[in-house]
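# Topology and contacts: notes
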There are 2 protein chains.
Amino acid sequence: MTEPFASRMIKVNQARHWARLMEMAEIGAIPGPTDADRGVNRACLTRLDREARRLLIGWARDIGLSVSVDSMANLFLRLEGQDTEAEPVLTGSHMDTQPRGGRFDGIWGVLAGLEAVQAIREGSIWPRRPIEIVAWTNEEGGRFAPGCMGSMAWSGSEPANRWDAVIDSDGVSFRAALEQHLAEEADLPRRPLGPVGKAKPVAYIEAHIEQGPILEAEQLDIGIVTGIQGSRWFNVEIRGKTDHAGTTPLGLRHDAVQDMIRAINALNTLTHDPEDILRFTVGRIEVLPGSSNTVADTARFTIDLRHPDAAILLSKGDAIPQTVEAALQDCSASVSETFNAAPRQFQHDVLDAIARAAQLNEARYRHLMSGAFHDAQFLASVCPTGMIFAPSRAGISHHPAEYSSPEQLARGTQVLASTLLDLASR
Amino acid sequence: MTEPFASRMIKVNQARHWARLMEMAEIGAIPGPTDADRGVNRACLTRLDREARRLLIGWARDIGLSVSVDSMANLFLRLEGQDTEAEPVLTGSHMDTQPRGGRFDGIWGVLAGLEAVQAIREGSIWPRRPIEIVAWTNEEGGRFAPGCMGSMAWSGSEPANRWDAVIDSDGVSFRAALEQHLAEEADLPRRPLGPVGKAKPVAYIEAHIEQGPILEAEQLDIGIVTGIQGSRWFNVEIRGKTDHAGTTPLGLRHDAVQDMIRAINALNTLTHDPEDILRFTVGRIEVLPGSSNTVADTARFTIDLRHPDAAILLSKGDAIPQTVEAALQDCSASVSETFNAAPRQFQHDVLDAIARAAQLNEARYRHLMSGAFHDAQFLASVCPTGMIFAPSRAGISHHPAEYSSPEQLARGTQVLASTLLDLASR
């Protein structure tokens, strides 16, 4: 049931919401040429991440929310319901960024949840169900690959110890970083990991910037996300032999760089899609020993493969190891899959609730698929799930030029607030 | 003039020579599976480099050599001649290694000089000319590219401040590293940079391992190097635009990795040589921002190009920028040349002196070209120059498995000692 009367009484505060976003963006700020080009580099489980979380916790406590953390460092802020035993409505996103990321990807969803809850309280409305705001750990995967570790472990998609040995570029393991982080947050109440008992949400709503150009191009206010395309990540390691670049004829080499080039050429052919729907990306390359006059003995690269059709994602992804193998001339290779998120369709009742909230607030909207993966992809296996997109300027994301205006974000947050109130009132 | 009588009286000490090589190899040691597979990682101008130099200086002072350092941190150890005003004979090599290098590349030439001088002293011979042993700074170029900075600056091939702004992988500039190093060696006497006045050598002889398979295959003791093939180094930077790997169609990307692949494919075609004499190597690749789910906006790679024929090296090297440019589809690129060492032929009188020394010591020898560049390449523009190669097991170099036996190295050192004595007696 929607509650049009109550929803009309709540009004998010655009200035406050934007000021919080900008204050948060100072933590890990990357200077930019213009005010709308300042980026953020805030990797998960770092000092900066903890600083950002403390800032959020301060704001949450100021409006009476209770704080708790689980063993994956997922952070929860709870507005108690009239019925303290009722299952909560969950909203949120993540606070970590790409290494040269923007000010809105992830953090907007968390602060939109906070602003929505504050607007509900300021409307003197006390919903029946608790509303919880969550900040999931390591959604981006920029420091520790893959992303979505917090939501995958919470939802049971993967065991929580799955990534213990994953190391960052400084050789620090995910387990070590997580334990240090939890030790520094030992003053925060701990909660069990996962949707256990009364912690199982009745619904999860994630607000996020679009990270694509559609809403801006069509001059719309929000996107109602119908589902998320599937993603598969792979690590490839090519192993050859070092040799002196001046003395070793090419015919006698086992050059890991040259076999990597052959492998990527073959993968480009494998993933060629005349309709340009299949997304194939090599975003990280490492070559060892990395000396200009030494033939490389090791080349590592990552593959990010995405498609909305599960069958295509399955067949193309499964063909990767043999494609790499067949392309090698002088070296050997190993291919390991590090992430596999199946395409996900969201349920109609949540999508309908968002659409009603948009109509109520006179927001222009459309339905669309998400090209990016999100924590919502894993939540959808636990409870009815939906996402609200705000427009992204020129579709730019994962870059300091990522931008959405104060008005666009406030409008999205307003729709989120109405949706949360609707769901929490049922 | 050779001095067969005197030369017969000098005998290098194989056990002492090997023991010093092994003690030196402990500084920066890389553990290996067998005793003959222990490598060394000793980058120039590091704490390890200074530790190695101090060990060498201690040995040199024990046998009465005087020590001095120039403004490029090139280190000189001098055995005074009967005629203190005579121009010296110079020998030596370098002490730095590749990141995963061996125990012999470079350091053998320095310690062979020391052993040769000690053998001459122990033979109670006092040559007319001074003999100086030099350890050139940064021959490898592994930490700061390019290599041979010390010998290039000393010989006047490049100005000494040419590489001030070159940075290592930690962002430390060559100038800063050099100044720190010189500050820590402030107790050592300083000498002017270059072959000024009486410092101009009458000849330069460099002992070095072959780093190729020929001497071992032909069961020879030494190689007399007739010249060094030319080398050109380039840095290529491809600049595109970051985008989200999930949301951006391939047709709209400016993917620096994909244009790098196109460029290397085109360069492979440009440098294809059916005779396999042209050496083309991409040994270092860097991709930014380096996140698996972000399209890269920057890809950098190095090119190492070598050929013994100056005309071929000129035409192929000069075609590199336009080849890269033509291969790009969505990005822009800049190509800069960082090193250019023309092919070099050594003079006959020095080659003949080495051949006579080999005959005198009953060493089996042949003449050959060097595929690797060496400091000798730049010394040859200053004075008559020659090189003595010792065999390399399986031709392996720039790798922990690099190996030459105690007998092979002692024999090469013996030929060096006789050659130095000959040249210093003239």
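First things first, this report covers the structure right here in the doc. Residue positions within a chain follow its written sequence, with the count starting from 1. Labels are handed out in written order, letters beginning with A for the chains and numbers beginning with 1 for the ligands. Under the rules for a predicted model, residues below a pLDDT of 70 receive no local features and side-chain atom pairs below 80 are neither given nor counted, while totals for whole chains, interfaces and linings still include all residues. Hydrogens are left out, water is left out, and the side-chain values use all remaining heavy atoms of the structure.

To continue, consider the packing of aromatic side chains. The relative placement of two aromatic rings is captured by the distance of their centres and the angle of their planes. Here a Phe, Tyr or Trp ring, Trp counted by its six-membered ring, pairs with any other such ring whose centre lies within 6.5 Å, and the pair is stacked when the planes are under 30 degrees apart, edge-to-face when over 60, and tilted otherwise. As enumerated under the stated definition, the model contains 22 aromatic pairs over all chains in all. Each ring, one from Trp18 of chain B and one from Phe104 of chain B, has its centre 5.7 Å from the other, and the planes form 25°; the classification is stacked. Placement of Trp18 of chain B in helix 2 (residues 14-25) and of Phe104 of chain B in the loop between strand 5 (89-94) and helix 4 (107-122) is noted, with a sequence separation of 86 residues between them. Under the scheme applied here, a residue whose accessible area is under 20% of the maximum for its type counts as buried, over 50% as exposed, and between as partly exposed, the area being computed with a 1.4 Å probe on protein chains only. Using a relative accessible area of 19% as the deciding quantity, one classes Trp18 of chain B as buried. Clustering of aromatic rings is evident, with ring pairs tying together Phe76, Trp136, Trp154 and Tyr204 of chain A. In our convention, an over-ring charge means Lys NZ or Arg CZ found within 6 Å of a ring centre and within 35 degrees of that ring's normal. Against the face of Phe76 of chain A rests Arg191 of chain A, its NZ or CZ located 3.7 Å from the ring centre. In DSSP terms, a helix is any run of H or I states spanning at least four residues, a strand is any run of E spanning at least two, and both are numbered starting from the N terminus.

The interface is formed by 53 residues belonging to chain B together with 53 residues belonging to chain A. Accessible area, probed at 1.4 Å, shrinks when two parts are joined; the buried area is that loss added up over both. Summed over both partners, the interface of chain B with chain A comes to about 4,800 Å²; 50% of that surface belongs to carbon and sulfur atoms. Any carboxyl oxygen of Asp or Glu that lies within 4 Å of a side-chain nitrogen of Lys or Arg is treated as forming a salt bridge with it. Across the contact surface, chain B and chain A share zero salt bridges. The term polar contact refers here to a pair of N or O atoms within 3.5 Å; inside protein, the definition further demands a hydrogen-donor-capable atom paired with an acceptor-capable atom, and it admits residues adjacent in sequence only when both atoms are side-chain atoms. In this structure, the connection of chain B to chain A is made through 33 residue pairs in polar contact (both at pLDDT 80 or more). At the level of elements, strand 10 (243-244), helix 8 (256-270), strand 11 (279-281), strand 12 (285-288), strand 13 (294-295) and strand 14 (298-307) of chain B are the ones that each hand at least two residues to the side of chain B that touches chain A. Ranked by residues supplied to the side of chain B that touches chain A, first place goes to helix 8 of chain B with seven residues. Residue composition of the side of chain B that touches chain A, grouped by class: 18 nonpolar, 25 polar and ten charged. By definition, residues are in contact when any of their heavy atoms lie within 4.5 Å. Each residue gets one label: Ala, Val, Leu, Ile, Met, Phe, Trp, Tyr, Cys and Pro are nonpolar, Asp, Glu, Lys and Arg are charged, and the others, such as Gly, are polar.

Next up on the list: helix 8 of chain B. To estimate how far a helix should reach, multiply one less than its number of residues by 1.5 Å. In a regular helix each residue adds 1.5 Å, so 15 residues correspond to 21 Å; helix 8 of chain B covers 21 Å between its end C-alpha atoms and thus fits that length. Every buried residue of helix 8 of chain B is accounted for by Ala256, Val257, Gln258, Asp259, Met260, Ile261, Ala263, Ile264, Leu267 and Leu270 of chain B.

All names here are of chain A. By the definition in use, this model includes 58 salt bridges over all chains. Residue Asp259 is joined to Arg262 by a salt bridge in which the shortest nitrogen-to-oxygen separation is 2.5 Å. Of this pair, Asp259 and Arg262 both sit in helix 8 (residues 256-270), separated by three residues, roughly a single helical turn. The partly exposed category is assigned to Arg262, whose relative accessible area is 26%.

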